[in-house]
Amino acid sequence: MYARDNDAGASDLQQRLPADSQVEAATEMLRMLADGTRLRLMWLLVDGEHDVTALVTALGVARPAVSQHLGKLRLAGLVTVRRDGRRALYSARGGHVRRLVTEVMHAASHRVAGIPEHD
């Protein structure tokens, strides 16, 4: 193999790289999910809309902490909020986010239980 062959392969690989802005957005999303409380919140929100009171009760975390985490998740584009009268209903934003959370939790479940990986 010649050095120029390696250069050509590297050039092809470089063209396949995502844009910097895309990598930054993905990194921020993953950073938000790297917190246990936020990941638990997202797990609950994957199934549908919930208000802060229900999330506080389910998690056993103080209301201000849950609200703060939801705000961060919303700013990162992982959560949407919808008003229903005086209540704010939160949910995971779209199928990509729901699948991301579901897949990472399933991968963790396999790792913890020692289940072999699969496609």
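Summarised in this report is the structure supplied together with it.

1. Focus on the overall build of the chain
Here comes step 1: The secondary structure content of the chain amounts to six helices and three strands.
Here comes step 2: Going from the N terminus to the C terminus, the chain shows its helices and strands as α-α-α-β-α-α-β-β-α.
Here comes step 3: Computed over its C-alpha atoms, the radius of gyration of the chain comes to 19 Å, more than 25% above the 14 Å expected for a compact globule of 119 residues.
Here comes step 4: Along the three orthogonal principal directions, the C-alpha set of the chain runs to about 65 × 35 × 20 Å.
Here comes step 5: The proportion of buried residues among the 119 residues of the chain is 24%.
Here comes step 6: Accessible surface for the chain amounts to roughly 8600 Å². Of this, 53% is attributable to carbon and sulfur atoms.

2. Considering the nonpolar core
Here comes step 1: In terms of nonpolar packing, the biggest core is built from 21 residues, with M42, L45, V66, L70, L73, L78 and Y90 touching the most fellow members.
Here comes step 2: Where this core is concerned, the elements lending two or more residues are α2 (20-33), α3 (36-46), α4 (52-59), α5 (63-75), β3 (87-92) and α6 (94-113).
Here comes step 3: Considering every element that reaches this core, the biggest residue donor is α3, with five residues.
Here comes step 4: Beyond its immediate chain neighbours, meaning those up to four positions away, L78 contacts M29, M32, L33, M42, L73, S91, A92, R93 and V97.

3. A short note on the environment of A107
Here comes step 1: Position of A107 among the secondary structure elements: in helix α6.
Here comes step 2: It is 9.6 Å that separates the C-alpha atoms of A107 and H118, two residues lying 11 residues apart in sequence.

4. As for the pairing of strand β2 (residues 79-84)
Here comes step 1: Pairing geometry for β2 and β3, over six bridges, is antiparallel. By the bridge assignment for β3, V79 is matched with A92.
Here comes step 2: In sequence, β2 turns back onto β3 through a hairpin of two residues, with G85 there showing a positive phi of about 70°.

5. Remarks on the pattern of salt bridges
Here comes step 1: Taken as a whole and judged by the stated rule, the model has four salt bridges.
Here comes step 2: In this structure, E49 engages R82 in a salt bridge whose closest nitrogen and oxygen atoms are separated by 2.7 Å. Residue E49 is located in the loop between α3 and β1 (50-51), and its partner R82 is located in strand β2; the two are separated by 33 residues in the primary sequence.
Here comes step 3: Since its relative accessible area comes to 37%, E49 is described here as partly exposed.
Here comes step 4: Given a relative accessible area of 40%, R82 falls into the partly exposed group.

6. Structural notes on the packing of α3 against α5
Here comes step 1: Closest axis-to-axis distance for the α3/α5 pair is 10 Å, and the angle between their directions is 75°. Relative to α5, the element α3 lies roughly perpendicular. Seen from α3, the contacting residues are T37, R38, L41, M42 and L45; seen from α5, they are V66, H69, L70, K72 and L73.
Here comes step 2: In terms of residue class, the contact of α3 with α5 is made up of six nonpolar, two polar and two charged.

Calculation notes
- Residues numbered from 1 in each chain as written.
- Predicted model: local features only at pLDDT ≥ 70, side-chain atom pairs only at ≥ 80, totals over all residues.
- Heavy atoms only, no water.
- Helix = DSSP H or I, 4+ residues; strand = E, 2+ residues; numbered from the N terminus.
- Rg over C-alpha atoms; globule rule 2.2 N^0.38 Å.
- Buried < 20%, exposed > 50% of the residue type's maximum accessible area, 1.4 Å probe, protein only.
- Areas by Shrake-Rupley, 256 points an atom, 1.4 Å probe, with all protein chains shown as cover.
- Core = buried A, V, L, I, M, F, W, Y, C linked by side-chain atoms within 4.5 Å.
- Contact = heavy atoms within 4.5 Å.
- Pairing = 2+ DSSP bridges.
- Salt bridge = Lys/Arg side-chain N within 4 Å of Asp/Glu carboxyl O.
- Axes fitted to C-alpha atoms, helices over the stretch in contact; angles between N-to-C directions.
- Parallel < 35°, antiparallel > 145°, perpendicular 65-115°, else oblique.
- Nonpolar A, V, L, I, M, F, W, Y, C, P; charged D, E, K, R; others polar.

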